Amino acid sequence: MTAVNWGTCIKRSSTITRETACHRFTTVLGPGDPNHESHIHLDIIKRRGGYRMCQWEVRVPPPPIPLPRPRPAEADLVNHSKKL
């Protein structure tokens with residue numbers, strides 16, 4: 001198994017990796033299969049009639065999550081110990 005952080009993958013490199021894996025291995029399972037959402041399964045088992053399985057849905061990575069804005073300098077000057 002190979003762990004893959006899909007949030008950081010680029011679709012093109014994932015597509016090239018998928019094509020290469022499907023060419024070299026007889027079984028390639030990845031995202032799109034419920035049991036392989038977080039990793040890629042590869043094996044070289046021989047099948048009748050030379051059957052090969054390549055089931056890996058290459059997805060567009062989600063947009064990055066924006067970071068919160070920096071805390072304003074004025075916020076550190078406020079005295080929070082006073083009772084209202």
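These numbers were taken from a predicted model, which means no experiment stands behind them.

Student: With reference to specific residues and values, describe the overall build of the protein.
Tutor: Scanning the protein from terminus to terminus reveals 1 helix and 4 strands. Listed N to C, the secondary structure of the protein is β-α-β-β-β in terms of helices and strands. Split into buried and exposed, the 84 residues of the protein put 20% on the buried side. Relative to all contacts within the protein whose residues are 6 or more apart in sequence, the contacts with residues 24 or more apart total 61%. As displayed, the protein has an accessible area near 7300 Å², and 59% of this comes from carbon and sulfur atoms.

Student: Before we move on, could you go through the environment of Gly32 and cite the residues and values that matter?
Tutor: Turning to its location among the elements, Gly32 is positioned in the loop between β2 (27-29) and β3 (39-43). In this structure Gly32 comes out as partly exposed when scored by relative accessible area, which is 43%. Sequence-wise, Gly32 and Gln55 are 23 residues apart; in three dimensions their C-alpha atoms are separated by 7.3 Å. Here Gly32 is in contact with Glu37, Glu57 and Arg59, once residues within four sequence places are set aside.

Student: Run through helix α1 (residues 11-24), naming residues and quoting values.
Tutor: For α1, spanning 14 residues, the distance from its first C-alpha to its last is 20 Å, which sits close to the expected 20 Å at 1.5 Å a residue. The set of residues buried in α1 consists of Ser14, Ala21 and Cys22. Taken end-on, α1 shows its buried residues confined to a sector of 95 degrees, consistent with a single buried face. Among the exposed residues of α1, those pointing more than 90 degrees away from its buried face are Arg12, Glu19, His23 and Arg24.

Student: Can you tell me about the nonpolar core, naming the residues and giving the values?
Tutor: In terms of nonpolar packing, the biggest core is built from 6 residues, these being Ala21, Cys22, Val28, Ile40, Trp56 and Val58. Those residues in contact with Cys22 that sit more than four places away from it in its chain are Val28, Arg52 and Cys54.

Student: Can you break down the state of the cysteines residue by residue, with the values?
Tutor: A covalent bond between the sulfur atoms of two cysteines is referred to as a disulfide. Applying the stated criterion across every chain, the model contains 1 disulfide. Each sulfur of the disulfide joining Cys22 and Cys54 lies 1.7 Å from the other. On the S-S bond that ties Cys22 to Cys54, the torsion sits near 55 degrees, and the link is right-handed. Here the residue Cys22 occupies a position in helix α1, and Cys54 occupies one in strand β4 (residues 53-55), the gap between them amounting to 32 residues. With a relative accessible area of 30%, Cys54 lands in the partly exposed category.

Cut-offs used in this document
Residues numbered from 1 in each chain as written. Predicted model: local features only at pLDDT ≥ 70, side-chain atom pairs only at ≥ 80, totals over all residues. Heavy atoms only, no water. Helix = DSSP H or I, 4+ residues; strand = E, 2+ residues; numbered from the N terminus. Buried < 20%, exposed > 50% of the residue type's maximum accessible area, 1.4 Å probe, protein only. Contact = heavy atoms within 4.5 Å. Areas by Shrake-Rupley, 256 points an atom, 1.4 Å probe, with all protein chains shown as cover. Expected span 1.5 Å × (residues − 1). Arc of directions from axis to C-beta. Core = buried A, V, L, I, M, F, W, Y, C linked by side-chain atoms within 4.5 Å. Disulfide = S-S within 2.5 Å.

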